[in-house]
Amino acid sequence: QVQLVESGGGLVQAGGSLRLSCAGSGRSFRNYAMGWFRQAPGKEREFVATISWSGGKTYYADAVKGRFTISRDKAENTVYLQMNSLKPEDTAVYYCAAGPTTDGLRAGRNDYWGQGTQVTVSS
């Protein structure tokens, strides 16, 4: 079974940091773009960040630019999201995803989704 499993979520104070991880299993994701989405209560799921299959291109939502960094370890079939200077408005369930291209992934056209990990930022 092909799976993406997120970890690293939790409770943090505003201004703090967290690092999310997403580990793939069941197949290699070395030739897939990967990325992160989030969904807050009462809001639609929104794009956060994506990284190309080579790791050479990254894209970020305006709300997280300068604060979040996406990276990947292709040998370990894993993608990360380093989140710094966290704000209460970053509170959401964060989902990882994989798809053929970064532009398709940003549009939500993904082949695989994880089940999500909760991030809560207190004031």
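Look above for the structure.
All values derive from a computational prediction rather than experimental measurement. Starting afresh in each chain, residues are numbered from 1 along the sequence in its written order. Residues qualify for local features only when their pLDDT is at least 70, as the model is predicted, and side-chain atom pairs are given and counted only at 80 or more; totals for whole chains, interfaces and linings, by contrast, use all residues. As a rule here, side-chain values come from all non-hydrogen atoms in the structure, and water together with hydrogens is ignored.

A. Geometry of the nonpolar core. In this description, a nonpolar core means a group of buried Ala, Val, Leu, Ile, Met, Phe, Trp, Tyr and Cys residues linked to one another through side-chain atoms lying within 4.5 Å. Residue exposure (1.4 Å probe, protein chains only): buried if accessible area is under 20% of the type maximum, exposed if over 50%, otherwise partly exposed. Of all hydrophobic cores here, the largest spans 33 residues; its most connected members are Trp36, Val48, Phe68, Ile70, Leu81, Met83 and Tyr94. Only DSSP runs of H or I covering at least 4 residues are called helices, and only runs of E covering at least 2 are called strands; the numbering of each starts at the N terminus. If you list the elements that add at least two residues to this core, you get strand 3 (18-25), strand 4 (33-39), strand 5 (46-51), strand 7 (68-73), strand 8 (78-83), strand 9 (92-99) and strand 11 (117-122). If you tally residues by element for this core, the top one is strand 9, at five residues. Residues within four places of valine 48 in sequence aside, it is in contact with Trp36, Phe37, Arg38, Tyr59, Tyr60, Ala61, Val64, Phe68, Leu81 and Tyr94. By definition in these notes, contact holds between two residues if any of their heavy atoms fall within 4.5 Å.

B. Representation of the packing of aromatic side chains within the structure. Aromatic rings from Phe, Tyr and Trp, taking only the six-membered ring of Trp, are treated as a pair when their centres fall within 6.5 Å; an angle between ring planes under 30 degrees marks them as stacked, one over 60 as edge-to-face, and anything in between as tilted. Scanning the model with the defined rule gives five aromatic pairs in all. Relative to phenylalanine 47, the ring of phenylalanine 37 lies with its centre 5.9 Å away and its plane at 75°, an arrangement referred to as edge-to-face. Of this pair, phenylalanine 37 sits in strand 4 while phenylalanine 47 sits in strand 5, and the two are ten residues apart along the sequence. The buried category is assigned to phenylalanine 37, whose relative accessible area is 5%.

C. Spotlight on the environment of phenylalanine 68. Checked against the element boundaries, phenylalanine 68 lands in strand 7. For the pair phenylalanine 68 and leucine 11, spaced 57 residues apart in the sequence, the C-alpha separation amounts to 17 Å. Setting aside residues no more than four positions away along its own chain, phenylalanine 68 makes contact with Arg38, Val48, Tyr60, Leu81, Gln82, Met83, Asn84, Leu86, Asp90 and Tyr94.

D. Expanded view of the sheet that holds strand 1 (residues 3-7). In space, the four strands of this open sheet follow the order 1-3-8-7, with antiparallel pairing throughout. Two strands in the sheet have a free side with no partner beyond their single neighbour: strand 1 and strand 7. In this sheet, neighbouring strand axes are inclined to one another by 15° on average, regardless of whether the strands run parallel or antiparallel. For two strands to count as paired, DSSP must find a minimum of two bridges between them. Only C-alpha atoms enter the line fits that serve as axes; for helices the fit covers just the stretch in contact. Angles between N-to-C directions range over 0 to 180 degrees.

E. Spatial organisation of the pattern of salt bridges. In the sections that follow, a salt bridge refers to a side-chain nitrogen of Lys or Arg positioned within 4 Å of a carboxyl oxygen of Asp or Glu. What the rule picks out here adds up to four salt bridges. The partner of arginine 38 in a salt bridge is glutamate 46, and the shortest N-O contact between them spans 2.7 Å. Relative accessible area serves as the criterion here: at 6%, arginine 38 is assigned to the buried category. In this structure, the salt-bridge partner of arginine 38 is aspartate 90, at a minimum N-O distance of 3.0 Å. Of the two residues, arginine 38 is situated in strand 4 and aspartate 90 in the loop between strand 8 and strand 9; the sequence distance between them amounts to 52 residues. With a relative accessible area of 1%, aspartate 90 lands in the buried category.

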